[in-house]
Amino acid sequence: MNTLLPAPAPFAHRRYPPGPEVDSFYHLGGCDLASQPCQGTACFVARNSSHDPSPDRSPRLYCLGRCFESPATGLSNHRPRVEIHSREPMVLSRVANGGARTLDSYSATGGYRAFEKALTAPPEAILDVVDRSGLRGRGGAGFPDGKKLRGAARQRTFPKYLVANADEGDAGAYIDRFLLEDDPHAVIEGMLLSAHAIGASHGWIYLRQEYPAAQVVLDQALAEARAAGLLGSRILGSDLSFDLEICIGHGSYICGEETALLLSIEGRRPEVMARPPHPVECGLFGQPTLTNNVETFANLPWIVTHGSDAYRALGFSQSRGTKVVSLNSLFARPGLYEVEFGVPVRHIVEDLGGGLRTGTLKGVIIGGPLAGIIPPHLLDTPFGFEELGAIGASVGHGGVVAFDEHTSIASLVLHVFTFGAYESCGKCTPCRLGSQRIAEIFGSIATDGHMPKSSAPEWREIVNALRWTSLCGHGSGLGIFAESVLRYYGEELESCFT
């Protein structure tokens, strides 16, 4: 049962006092990010390609948001290539033109007009346009956002809360980082639209510690919005009162999972919670809470401005609109690209990314590392939620990590399951023990050069348990990854078991 506590007084600081049982859960603490090597998947395959040794550092840092220039160490102000390859730019238009970090620059491009328009209409108008647009969550699950908004709007318990999940931890993804650093007001406007739609009075942006530059930009953007009367009481003279604050994470991949993230905001140990009840019914401090990822919120101003029909005109099938994808450093043209759903994955890999800089493409992971691998012979698969799911892959968050012949499948499995074991919240047995056991099995490659043949059935059994009995997407995602390895790279893997 979900045991989130009842809501305290509105707008008060609500976090629990820190304690060892909470502090010990997180990895970073006072870690100096300026000197820390990234050990994420994009950096792992980049080091393999360049024959650089992988770092063995503690605490482990699994993504710095610099996958376009990996392998990465420390923080950097370098910017990625940013291009729009859709008929309409919905998300990246300002980022591609150098960014709109200030309120003045955002307003000069039509910023907050969608929100001003929405305030003159009932909340149902936003619910209707988002519902009919077909917008699906961009954080990985692909849940229809209109359905989530309506679920929160129909709750009659107050106060209601809103959360932006900016804990972008998928190695290979740096989309949220640059949306927040270069276009923060688009996210704030999307949250304001959602607050009006569901009747929320307070919101949080849960930002990962690895993005300190984004925090600086967001602090300034929130201050500007308050000074302009866009946050606070009776916004722009309306009945809507809504304010926002930032909550900084302390290093835990599992906090990207919705229920763990909410517990982290409360100051509690961020373990995954069983559902139902769902957070829109009983979420943060026991109150109805709507959580969306950064890119999802950034879509809303465009949808409200142009309408659901214009949005549905882009994309295809059950995947409408556009999606931002981020390409890792092995591509000839790494960077951020906004594409329409329905283009072949090959178009993203070869036409936009230019193929690999060197070497031969061995596979592509989209939305990973807890996602299925796409082998080269399936690159013509359309880029869409159901279409990628049919081949055991995923749209996920949109991070695209290509790897070449220098990365063996056994070493990739070891990397992913070492990551999975390290980042597990420990709540369910398959994930807590199963991921560690698979890491141990594949770890024998490093010491003995092979794995005992007797362990092959065991790892398959654990994969099946992870896939179907894990409490959340962390364990099931590990299972999906392993199933794709068995399906598409089984022959190479079998040769390792002797």
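A few points on the structure.

The rules behind these values
Residues numbered from 1 in each chain as written. Predicted model: local features only at pLDDT ≥ 70, side-chain atom pairs only at ≥ 80, totals over all residues. Heavy atoms only, no water. Buried < 20%, exposed > 50% of the residue type's maximum accessible area, 1.4 Å probe, protein only. Helix = DSSP H or I, 4+ residues; strand = E, 2+ residues; numbered from the N terminus. Pairing = 2+ DSSP bridges. Axes fitted to C-alpha atoms, helices over the stretch in contact; angles between N-to-C directions. Contact = heavy atoms within 4.5 Å. Core = buried A, V, L, I, M, F, W, Y, C linked by side-chain atoms within 4.5 Å. Salt bridge = Lys/Arg side-chain N within 4 Å of Asp/Glu carboxyl O.

So, about the pairing of strand S12 (residues 399-404). Taken across its 6 residues, S12 has 6 buried, putting it largely inside the fold. Burial along S12 is two-sided: the face carrying Gly399, Val401 and Phe403 and the face carrying Val400, Ala402 and Asp404 are both buried. Direction of pairing for strand S8 (residues 322-327) relative to S12: parallel, over a ladder of 2 bridges. When the bridges of S12 are listed, Ser326 appears paired with Gly399.

Before going further, it helps to examine the sheet that holds strand S4 (residues 243-248). Pairing within the open sheet is parallel, and its 4 strands lie in the order S4-S3-S2-S5. Edge strands, defined here as strands with exactly one partner in the open sheet, are S4 and strand S5 (289-293). Here the average twist between neighbouring strands, direction ignored, is 20 degrees. In this structure, strand S3 (residues 202-207) lies alongside S4, joined through 6 bridges in parallel fashion. Each bridged residue has a counterpart across the sheet, and for Leu207 the counterpart in S4 is Ile248. The strands touched by helix H9 (residues 184-198) within the sheet are strand S2 (161-166), S3, S4 and S5, with S2 carrying the most contacts at an inclination of about 150 degrees.

A few words now on the nonpolar core. Counting 135 residues, the largest nonpolar core has Phe242, Phe383, Phe417, Phe442 and Trp459 as its most contacted members. Broken down by element, the residue count for this core peaks at 9 residues, all from H9. With residues up to four places along the chain from it excluded, the contact list for Phe383 reads Phe316, Lys323, Val325, Val339, Phe341, Gly342, Val343, Ile348, Ile366, Leu388 and Val395. By size, the runner-up hydrophobic cluster in this structure holds 19 residues, among which are Val163, Val272, Leu284 and Cys472.

Throughout the structure, instances matching the rule amount to 28 salt bridges. Salt-bridge contacts for Glu210 lead to Arg208; the nearest nitrogen and oxygen are separated by 3.4 Å. With respect to burial, Glu210 and Arg208 carry one shared label: buried. The partner of Arg460 in a salt bridge is Glu494, with the nearest N and O atoms 2.2 Å apart. One end of the pair, Arg460, is in helix H18 (residues 456-469); the other, Glu494, is in helix H20 (residues 490-494), and 34 residues separate them in sequence.

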